[in-house]
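Listed below are the residues making up each chain.
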Amino acid sequence: MIHKSSLILSLFCIIGCKPRAANQQSANVKEIKTSDIEIDSEIGESLHNNEAAATDQILAAISASIKIEDKNNSLHPPGPIARRDAHPKAHGCVDAKFKILKVEPQLTSILQKGVFSNPDQEFDATIRFSNGNGNPNRHDARGDGRGMAVKVHGVSGARLTNGDDGATDTQDFVMINHPLFFVNDPEHYVPIVKGIAEDTVEAKARLAKILIGNPRETKVIAEITSIHILNPLFEQYWSEVPYQIGTKSSGAKAVKFSSFPVNCKTGVALPIVRPKFFEVPKLLTKDFNYLRNEMINTLKPDGKNSVCYDFAIQLRSTNPSTGKPEDEKDLEDPTILWNGQFHSVARITIPPQQFNSDDQNLQCENRSYSPWNGIAEHKPLGVVNRIRKVVYQAISKKRHQLNGSAR
Ligand code: HEM
């Protein structure tokens, strides 16, 4: 039987479930503020009340939790090490190709921008697959959102920043295997994080109060934390939050993106097969890292088959009579589902390979992915992405400093 408090805890454990000190201190790692990021009201962005203060609190709470810990030798790499606050358990980093596809002629002026400008151009890419939960010592069979973070190499174009990860020619696409994100107000994020961090009745009560008043957030949390999967290589992943395609001068639109597995030869989408509810207890009897093992088996170097994905862009649906987006709020609220169609713009091919050596696992750990590692033509939009601009860079820097590793 699941204890009620552990059920509540697991519901809220999407971002950060490491034990945290009750008296958290803000580490001196912050370099940027959300107020430094330009808001584009024309495209539909708007600043949230108290956004900057809420972001400071989020960063302070997460930053205080980053420390060298965890001696679990079944992790890759094993501890002790300061890991990511979110998505700390990797199933592996794999090499891939990212080849640009032709799009329907009527969409070229909208979608052939940035990385997607030149059909048939092929980039190298590195993809990190992960579990979302902040506790790396969790069995893969437990319900959780899973991450697919794609780093495309050799990308040219004006950059968003000087490269959050120090690189000057990469474009990251960071995704989870659910179409929606569970926070639509930055002020809600702190009670959620504190509700996880502080094991007090007050913290839990504040958390419950936020969620009772927000059925959409509660629904997304419940959906994401009940995802069970068989193999990270055969899931669909979504950006959850919006991005720009193009720039003001080339014509910018708000879009979301997704990647889904396809047959490498025909390009036909493969069905996503997930375990049934009654099959989950059996998964719990498998190896603690069975998702890594599934990836190793699927990609075994003597195997003939690559794994392929289509990378697709979703345009915002519009009201035909006004020509305006269906829901004006949807850019700032990632709990609202977009109905627009997805258009394939790139084919990802993951060839058979060995990715599980100690060296490769250490390199995987030391990588940094962020929606802000990239070019201006794929600028992240909306409040969640503005918070991520501040948080990802600071947290990545802090864990690299603690581990004495280069970024
Ligand atoms: C305010 C909202 C969010 C916060 C505060 C947050 C926080 C974080 C942090 C601190 C990391 C680790 C960064 C590092 O040390 O390199 C991370 C990683 C990650 N986040 Fe988020 N996140 C948020 C929203 C999202 C959303 C909307 C997605 C959606 C798709 C997402 C997907 C991921 C993934 C896949 C990783 C792992 C990247 C990797 O493999 O290195 N996060 N997040």
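This text follows the structure it describes.
In this report, we go over the structure that sits alongside the text. (Residues numbered from 1 in each chain as written. Predicted model: local features only at pLDDT ≥ 70, side-chain atom pairs only at ≥ 80, totals over all residues.)

**Let's talk about the overall build of the chain**
Which entries qualify depends on this criterion: Helix numbering and strand numbering both begin at the N terminus, where a helix is a DSSP run of H or I of at least 4 residues and a strand a DSSP run of E of at least 2. Any residue surrounded by 20 or more other C-beta atoms within 10 Å of its C-beta is treated as buried, while 12 or fewer makes it exposed and the intermediate range makes it partly exposed; C-beta atoms here are placed from the backbone. By the convention adopted here, residues are in contact when the distance between their C-beta atoms, placed from the backbone, does not exceed 7 Å.
A tally of helices and strands in the chain yields ten helices and nine strands. Counting only residues that meet the buried cut, the chain has 45% of its 407 residues in that class. Sequence separation of 24 or more characterises 78% of the internal contacts of the chain that already satisfy a separation of 6 or more.

**Some words on the site of the ligand**
Note the following rule: Each residue gets a C-beta atom placed from its backbone. If that atom is within 6 Å of a molecule or strand, the residue is near it. Amino acid classes used here: Ala, Val, Leu, Ile, Met, Phe, Trp, Tyr, Cys and Pro are nonpolar; Asp, Glu, Lys and Arg are charged; the rest, including Gly, are polar.
Of all residues adjacent to the ligand, which total 30 residues, the nearest are Ala-86, His-87, Gly-147, Ala-149 and Ser-396. Put simply, the parts of the chain that give the shell around the ligand at least two residues each are helix 2 (51-65), strand 2 (122-131), strand 3 (146-153), strand 4 (170-176) and helix 10 (383-403). The residue inventory of the shell around the ligand, partitioned by class, reads 18 nonpolar, six polar and six charged.

**Concerning the environment of Pro-271**
Locating Pro-271 in the fold gives a position in the loop between strand 7 (253-262) and helix 7 (280-283). Along the chain, Pro-271 and Gln-236 lie 35 residues apart, while their C-alpha atoms are 9.5 Å from each other.

**Topic: unusual backbone geometry**
Note the cis peptide between His-76 and Pro-77, where omega equals 0°. Tracing the chain through its elements places Pro-77 in the loop between helix 2 and strand 1 (89-100). Backbone geometry at Asn-50 places phi at a positive 65°, although glycine is not the residue there. Even without a glycine there, the phi angle at Asp-120 is positive, about 80°.

**Some thoughts on the packing of helix 2 against helix 10**
For clarity, the threshold we go by: Think of each axis as a best-fit line through the C-alpha atoms, taken over the contacting stretch in the case of a helix, with angles from 0 to 180 degrees between the N-to-C directions. Oblique is the label for any angle not covered by the other classes, which are roughly parallel (under 35 degrees), roughly antiparallel (over 145) and roughly perpendicular (65 to 115). Crossing chirality is assigned from the near helix's rotation relative to the far helix, an anticlockwise turn below a right angle marking it left-handed and a clockwise turn marking it right-handed.
Between helix 2 and helix 10, the least distance of the axes is 10 Å, while the angle of their chain directions is 30°. Between helix 2 and helix 10, the interaxial angle falls into the category roughly parallel. Seen along the crossing, helix 2 lies across helix 10 with a hand that is right-handed. Where helix 2 abuts helix 10, its residues Glu-51, Thr-55, Ile-58, Leu-59, Ile-62 and Ser-63 lie against Val-383, Ile-387, Val-390, Val-391, Ala-394, Ile-395 and Lys-398. Considered class by class, the residues forming the contact of helix 2 with helix 10 number nine nonpolar, two polar and two charged.

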